[in-house]
Amino acid sequence: PTDIKEEMLKKYPPKVARKRAKQIMINEALENETPEITANVRTIPGIITMRGCTYAGCKGVILGPTRDIVNITHGPIGCGFYSWLTRRNQTDASGEGDENYMPYCFSTDMEDKDIIFGGEKKLAAAIQEAYDLFHPKAIAIFATCPVGLIGDDIHAVAKQMKEKFGDCNVFGFSCEGYKGVSQSAGHHIANNQIFKHVVGENDEEKPGEYRINLLGEYNIGGDGFEIDRILKLCGITNIATFSGNSTYDQFASAHKADLNCVMCHRSINYVADMLETKFGIPWIKVNFIGAESTAKSLRKIGTYFGDKSFIEKIEAVIAAEMPEIEAVVADVRTRTEGKTAMMFVGGSRAHHYQDLFSEMGMKTLSAGYEFAHRDDYEGRHVIPNLKVDADSRNIEEITVEADDTRYAPRKTEAELAALEEGGLKFKEYEGLIPDMDKGSLIIDDCNQYEAEKLVEILKPDIFCAGIKEKYSIQKLGVPMKQLHSYDSGGPYAGFKGAINFYKEIDRLTNSKVWSYMKAPWQESPELSATYVWE
Ligand code: CFM
Ligand code: HCA
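The structure reproduced in this document is the subject of the present report. (Residues numbered from 1 in each chain as written. Chains lettered and ligands numbered in written order. Predicted model: local features only at pLDDT ≥ 70, side-chain atom pairs only at ≥ 80, totals over all residues. Heavy atoms only, no water.)

With respect to the site of ligand 1
Near ligand 1 there are 14 residues, and of these Arg87, His187, Cys264, Ser348 and His484 occur at the shortest range. Its residues placed into classes, the shell around ligand 1 shows six nonpolar, six polar and two charged. (Near = heavy atom within 4 Å. Nonpolar A, V, L, I, M, F, W, Y, C, P; charged D, E, K, R; others polar.)

Structural notes on the sheet that holds strand S8 (residues 259-262)
Taken together, four strands build an open sheet; the order of strands is S7-S6-S8-S9 and the sheet is parallel. Where the open sheet ends on each side, the last strands, each with one partner, are strand S7 (236-243) and strand S9 (283-285). When strand polarity is set aside, the average angle formed by the axes of neighbouring strands in this sheet is 25°. When S8 meets S9, the two strands line up parallel, connected through three bridges. (Pairing = 2+ DSSP bridges. Helix = DSSP H or I, 4+ residues; strand = E, 2+ residues; numbered from the N terminus. Axes fitted to C-alpha atoms, helices over the stretch in contact; angles between N-to-C directions.)

What to know about the side chain of aspartate 114
Within the secondary structure layout, aspartate 114 lies in helix H5 (residues 112-117). Residues in contact with aspartate 114, not counting those within four places in the same chain, are Asp109, Gly119, Lys122 and Ile150. (Contact = heavy atoms within 4.5 Å.)

Points about the packing of helix H9 (residues 183-197) against helix H12 (residues 265-279)
Across the interface, H9 lies against H12 with an axial gap of 8 Å and an inter-helix angle of 30°. Considered as vectors, H9 and H12 are oriented roughly parallel to each other. Seen from above, H9 lies across H12 with right-handed handedness. On H12, the residues touching Ser184, His187, His188, Asn191, Asn192 and Phe195 of H9 are Arg266, Ser267, Ile268, Asn269, Tyr270, Val271, Met274, Leu275, Lys278 and Phe279. Grouping the amino acids of the contact of H9 with H12 by side-chain chemistry returns seven nonpolar, seven polar and two charged. (Parallel < 35°, antiparallel > 145°, perpendicular 65-115°, else oblique. Left-handed = near helix turned anticlockwise from the far one by under 90°.)

Description of the sheet that holds strand S2 (residues 69-74)
With respect to topology, four strands assemble into an open sheet ordered S3-S2-S4-S5, the strand pairing being parallel. Every interior strand has two partners, whereas the edge strands, strand S3 (106-107) and strand S5 (169-173), have only one. Here strand S4 (residues 138-143) pairs with S5 via five bridges, running parallel. Residue pairing for S5: alanine 138 is matched across the bridge by asparagine 169.

Regarding the nonpolar core
With 112 residues, the main nonpolar core has Phe173, Phe242, Leu298, Met343 and Tyr502 as its most contacted residues. There are two domains that each give this core at least three residues, and those are domain 1 (54-180) and domain 2 (210-332 + 380-421). Leaving out residues up to four positions away in the same chain, phenylalanine 242 has contacts with Ile194, Val199, Leu214, Leu215, Gly216, Glu217, Tyr218, Phe251, Ala254, Ile268 and Val271. Val16, Ala17, Cys446 and Phe463 belong to the second largest nonpolar core, which has 24 residues in total. (Core = buried A, V, L, I, M, F, W, Y, C linked by side-chain atoms within 4.5 Å. Buried < 20%, exposed > 50% of the residue type's maximum accessible area, 1.4 Å probe, protein only. Domains from an automatic or database assignment.)

Let's talk about the site of ligand 2
As a structural note, the neighbourhood of ligand 2 is formed by Ala56, Arg87, Gln183, Gly466, Ile467, Lys468, Gln482 and His484. Measuring from an oxygen atom of ligand 2, one finds a side-chain N or O atom of glutamine 183 at 2.7 Å. With respect to ligand 2, the side chain of histidine 484 contributes an N or O atom lying 2.9 Å from an oxygen atom. Across the shell around ligand 2, the residue classes break down as two nonpolar, four polar and two charged. (Polar contact = N/O pair within 3.5 Å; in protein donor to acceptor, adjacent residues only side chain to side chain.)

Quick look at the packing of aromatic side chains
Within a pair of aromatic rings, the relevant descriptors are the distance that separates the centres and the angle that separates the planes. What the rule picks out here adds up to 24 aromatic pairs. Both rings, one in tyrosine 12 and one in tyrosine 449, keep their centres 5.8 Å apart while their planes meet at 65°; by these two values the pair is edge-to-face. Of this pair, tyrosine 12 sits in the loop between helix H1 (2-9) and helix H2 (14-21) while tyrosine 449 sits in helix H19 (residues 448-458), and the two are 437 residues apart along the sequence. The exposure class of tyrosine 449 is partly exposed, given its relative accessible area of 27%. Consider the rings of phenylalanine 305 and phenylalanine 310, whose centres lie 6.0 Å apart with planes at 80°: the pair is edge-to-face. (Phe/Tyr/Trp six-rings, centres within 6.5 Å; stacked < 30°, edge-to-face > 60°.)

Have a look at this one:
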C-alpha cells in the first residue's frame, strides 16, 4: 500500500502531493488508536473532484425528497434543472388528498438582467405564482451562487410573503453553492432551517406504541419503502423520515417520536442532536444496508423499547426474512467469493455498502467519502478536537435549548445508563476506519486522476461511485455501479433490497462483456501522435 500511495502522489506538484498525502490513508492496525485523516477541507483547484456543491446538498439532498413543499430555486435555470429528480428519490403520493410537487421543477430562471438589477422582485413574483397555482402548506426558497454574490435577501422576501399569505409557511435557505467546501455545508444549512421553521409545528398526538423517526434515509430507488415495510411488520411506527418519502407534516410532528434512528450520520446528525436537546428524544445509529445490519438495527430498536413481546415480534420478522437471503447468498457466493470492490461515495454509503459486499464474500480494497468529516471516518469521539476553519465558520450555528413545555426525557438517566451498560450505545458512531481491513486505502475527496490510478494498479472487480466516474471507469474495462442513483436499480436496503444487490453485483462482476471490450484506440490507434512543443 505504501507503494500505491507513492505512485498516486508522484504526478502531483510537491505542494499538492503534501496536501493529498494527508487525505490518503493506509489503514494501520488499530492497536494504539485510530489514525487521523484530513477531511472536510477545500478541494485543490485544478483537481477534478467527485464532489458537488452546497446548494445540491441542501436543495437536492435534504429537501428534494419532500413531496408537499414547493421548492423554488432562486437562480439560473441549470441549478434547478440538474437537481430535479436526478437522485432517483421516490415518493408515494397515492393517498387521498396527497400533494406531490416533486415532478415539477420550480425556478426563478435568473438571467443577466436579474443579476444586474437584482432578483428579489422576480423571486416574490415566483412565490406568488406558486401560491396561486397550488396553495401549498409551505414554500421553500433555495439560494444559488449568484444570489449570494449580488446580495438578494431571500429571507426578507420569504418573511414578507409568509405574512401576506397567512396560511402558507415560507422560508429560505442561504445555501449558495460556494457556501462550504462541498454538499455537506448544505446539509447543515437545511437541518437548521427545517428545525427552526417546521419541526414541532404540529402538536397533535400520534398513534403507535413504538414510535421512531428515521433520520438520513432518502428513499433512493425505493430503499425507504422496503425499510418501512419491515418496520411495519415489526409493529414500529415511523413518525417522520428525514427525508425520503416525507411530507411537511411528518417534519412538523417529529418531536412526537420516542427514539431517533440515524441512518446517514453525515447528513442529518445535527437534527438528531437538536431533537434531543429540545425535546429529550435519544438517538442511536442504525444501518439498513445489508441483511445482517438490518437485523442488528431492528434488534437495537427492540432493546431500546424493551418489551418482551415486541422483541419476540422483531425476532419473528428476522427469522421469516432470513431463509430467502441465505439461499441467495449461498448461490451467489459461489461466484463472488474473493472478488474485490472499491467505493467512493458521499458521506455514508462508502461505509454502509461494505456490509453488503462482505455478505457476498467480497473484499473492499479502497474506499472513501466525498465530503464526510473526520467523525465519519474516525468516530464521534474526535468531534471535540475538530478544528473550526474559515469555511465551517461560514455556516450558521443555531442555539437550541430545552423546550419550556414540551421537553420530556424519554428515558431517565439511570435507564439510559443501564441500556449503555448492556451494549446499546447512544449518540455514537464509530466511523468507517475501524471496519476496514489493515492495509486498505482510505481516501478522502478522491478525484478522477486517483480513481484511474487505483483501478490501473489494483484492478478491482467492481468500482462504485457516481455519474461523473461511470464512463471513465467503464472505459478502463472495469464494471461500474453507481451507489448514488443505483443506475436504474434498487431498492438495496433492508432484506429484499439485499437480495436485489447480491444479484446485481453477481451479474456485473461475472459478466464477460468487459473482457471482450476494446476501446477504439486499442483497436485502431490511428490517433496516436507525439506532442511537439515549438
Ligand atoms: Fe447521506 Fe445520502 Fe450519502 Fe448524502 Fe449524497 Fe445520496 Fe450519497 Mo449521493 S445523504 S451522505 S449527500 S447517504 S445524494 S442519499 S448518494 S452523495 S453517500
Ligand atoms: C449530489 C447528488 C448525488 C450526485 C450523484 C452522482 C446523488 O451530491 O448532488 O455524482 O452521481 O446521489 O444524486 O450525490
